[in-house]
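Observations on chain architecture
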Amino acid sequence: MEKKIEKVLILGAGTMGLQIGLQCAAWGFDVTVFDAFEKSLEQAKKRVNKLADSLAGHRRVSPEKAAAALDRIRFTSDPQSAGKDADLINESVPEDPKIKQAVFAQFNEICPDHTIFTTNSSTLVPSMIASATGRPDRFAALHFHDLLLTNVVDIMPHPGTSKQTLADIREFCTAIDQFPIELKKEQHGYVFNTMLSELMASALSLAAKEVASVEDIDRAWMGIMKTGVGPFGIMDSVGLETVYKVTDYWAGVKNDPQAKANAAFLKGFVDKGNLGVKTGEGFYQYPKASFLGPDFLKGIR
């Protein structure tokens, strides 16, 4: 690397930002989690110990690494303090290109010239954001999945990403025990999410059109594909606010009536604060979701 990455800045204290920050801290990096909203920071501080235990419980890191991570992670709403000595940024703010552009432009004014900027965007491509970063050669997508379940991570450059930046990001992924999949060209949704988004959209369409219940749609997928979770259980894990924002954004971009109906269906849950696993209720109630029970696939009797 041109400069060794030691200090990582996570932009956004939501579910994914906190997971990524803890993963980096567990593998020896000094981590700052920034969020402009104090409420989000307070919620993250309350969840961080439980999440560290979950990472260890799922054997993603050792209990010793999980405990040590808590001493290497700090929280702040002060952008100057957060960015002044960052070596790498990973951003997990709302899935809106204008918001992401504004955040990166802000931190471009604060961060050192060597700082690598990366986005954890689920559906946007880096060329939609690159020019706003002020350092397009040191910018790429670095997209994480649920770190409790997998260590697969996506690296997606844009045409202006330098070879050195790609090499540095690859080395960083290895250093935090992640297995990188490098895309050869930009693709909305990367590899896995391209497939997953089609699954979630079709499941939402079936539910929004009242073709079948949420539970029976999940039963169809789980029973035939022999999986432990269906599309609605997956959405609860992702977070319904995130799924709603992505669905609503692309519904507007494509002016798709069914996608708009799907967004409206999701909004009913979001407006009630039922955001999935992280709030204890979404399509299912947690921690004892019905799809985890031995009789779920037997259906209604």
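Let me begin by describing the structure that accompanies this report. (Residues numbered from 1 in each chain as written. Predicted model: local features only at pLDDT ≥ 70, side-chain atom pairs only at ≥ 80, totals over all residues. Heavy atoms only, no water.)

1. Notes on the nonpolar core
- Val8, Val31 and Phe172 are the most contacted members of the largest nonpolar core, which totals 39 residues.
- Counting residues per element, this core draws most heavily on helix H2 (residues 38–57), at seven residues.
- Counting residues in hydrophobic clusters, the runner-up holds 25 residues, among them Leu196, Ile217, Ala263 and Tyr286. (Core = buried A, V, L, I, M, F, W, Y, C linked by side-chain atoms within 4.5 Å. Buried < 20%, exposed > 50% of the residue type's maximum accessible area, 1.4 Å probe, protein only. Helix = DSSP H or I, 4+ residues; strand = E, 2+ residues; numbered from the N terminus.)

2. Overview of the side chain of Gln23
- Tracing the sequence through the fold places Gln23 in helix H1 (residues 15–26).
- Polar side-chain contacts of Gln23 include one of 2.9 Å to the backbone oxygen of Ile176. (Polar contact = N/O pair within 3.5 Å; in protein donor to acceptor, adjacent residues only side chain to side chain.)

3. What to know about the packing of aromatic side chains
- A complete count under the given rule lists twelve aromatic pairs for this structure.
- Taking 5.4 Å as the distance between ring centres and 70 degrees as the angle between the ring planes, the aromatic pair formed by Phe104 and Phe139 counts as edge-to-face. Of this pair, Phe104 sits in helix H5 (residues 97–108) while Phe139 is found in strand E6 (residues 139–144), placing the two residues 35 residues apart along the sequence.
- On the basis of relative accessible area, Phe139 is assigned to the buried category, the value being 0%.
- Among the aromatic residues, ring-to-ring pairing joins Phe232, Phe265, Phe269 and Phe283 into one connected group. (Phe/Tyr/Trp six-rings, centres within 6.5 Å; stacked < 30°, edge-to-face > 60°.)

4. Section: a nonpolar patch on the surface
- Together, Phe179, Ile181, Val191, Phe192 and Met195 line one region of the surface with nonpolar side chains, adding up to about 480 Å² of accessible area.
- Elements with a contribution of two residues or more to the nonpolar patch: strand E8 (179–182) and helix H7 (192–208).
- Locating Ile181 in the fold gives a position in strand E8. (Patch = residues over 30% accessible without salt bridge, like charges linked within 9 Å, V, L, I, M, F, W, Y side chains within 5 Å. Areas by Shrake-Rupley, 256 points an atom, 1.4 Å probe, with all protein chains shown as cover. Salt bridge = Lys/Arg side-chain N within 4 Å of Asp/Glu carboxyl O.)

5. Some remarks on helix H11 (residues 257–271)
- Taking 1.5 Å per residue, 15 residues should reach 21 Å; H11 reaches 21 Å between its end C-alpha atoms and fits that length.
- Those residues of H11 that fall on the buried side of the exposure criterion are Ala259, Asn262, Ala263, Leu266 and Val270. Seen along its axis, H11 keeps its buried residues to an arc of 100 degrees; they face one direction. Exposed side of H11, more than 90 degrees from the buried face: Pro257, Ala264 and Asp271 are the residues found there.
- The secondary structure elements touched by the buried residues of H11 are H7 and helix H10 (240–254).
- The opening residue of H11 is Asp256, an N-cap whose side-chain oxygen sits 3.0 Å from the backbone nitrogen of Gln258.
- Gly273 sits one or two positions beyond H11 and adopts a positive phi of about 80 degrees. (Expected span 1.5 Å × (residues − 1). Arc of directions from axis to C-beta. Contact = heavy atoms within 4.5 Å.)

The values reported here are purely geometric and, on their own, carry no functional implication.
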